[in-house]
Amino acid sequence: QVQLVESGGGLVQAGGSLRLSCLASGRTFSLYVMGWFRQAPGKEREFVAQISWSGGATKYADSVKGRFTASRDNAKSTVYLQMNSLKPEDTALYYCAAVQSLPPFQPLRKVSDYDYWGQGTQVTVSS
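Summarised in this report is the structure supplied together with it.

### Here we look at the overall build of the protein
So, step 1. Scanning the protein from N- to C-terminus turns up 0 helices and 11 strands.
So, step 2. Listing each helix as α and each strand as β along the protein from the N terminus yields β-β-β-β-β-β-β-β-β-β-β.
So, step 3. At 14 Å, the protein has a C-alpha radius of gyration in line with the 14 Å of a compact globule built from 127 residues.
So, step 4. Dimensions of the protein, computed from the C-alpha atoms along their principal axes, are close to 40 × 25 × 25 Å.
So, step 5. In the protein, which comprises 127 residues, the proportion classed as buried is 44%.
So, step 6. Taking contacts inside the protein between residues at least 6 apart in sequence as the whole, the part at least 24 apart equals 61%.
So, step 7. When the accessible surface of the protein is split by element, carbon and sulfur atoms take 49% of a total near 6,400 Å².

Laid out in structure tokens, this is it:
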């Protein structure tokens, strides 16, 4: 069992930056592939980013590629999402997620691919 708690959301102007954090507790953090998802009002939850066990490999949705960067610090049991050049369409509730999986590092882009979820942190980008 893994418990996830996101933080770092807020209100920012277009073009600005935010860094989200997700603190994990429970089982060994380094066993889990971590993901970031987001859900805007009236829309389905969508994949944003994915990061491997050591942080050496990442995958991104096309909509955030080049602007967002996922990283992790296994010693702190924390995964991060650095968001730069934010746009109003990035406004959403952002979730981190975890799944215990084995190599090789494969794309895990569906909600159903992950077993554990945080409660979300709101990001609002004003124009």
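### Observations concerning the state of the cysteines
So, step 1. The tally for this structure, following the rule as stated, stands at 1 disulfide.
So, step 2. A sulfur-sulfur distance of 1.9 Å marks the disulfide that ties C22 to C96. Given an S-S torsion of about 45°, the disulfide between C22 and C96 has right-handed geometry. Of this pair, C22 sits in strand β3 (residues 18–26) while C96 is found in strand β9 (residues 92–100), placing the two residues 74 residues apart along the sequence. Taken as a pair, C22 and C96 share a single burial class, namely buried.

What counts as what
Residues numbered from 1 in each chain as written. Predicted model: local features only at pLDDT ≥ 70, side-chain atom pairs only at ≥ 80, totals over all residues. Heavy atoms only, no water. Helix = DSSP H or I, 4+ residues; strand = E, 2+ residues; numbered from the N terminus. Rg over C-alpha atoms; globule rule 2.2 N^0.38 Å. Buried < 20%, exposed > 50% of the residue type's maximum accessible area, 1.4 Å probe, protein only. Contact = heavy atoms within 4.5 Å. Areas by Shrake-Rupley, 256 points an atom, 1.4 Å probe, with all protein chains shown as cover. Disulfide = S-S within 2.5 Å.

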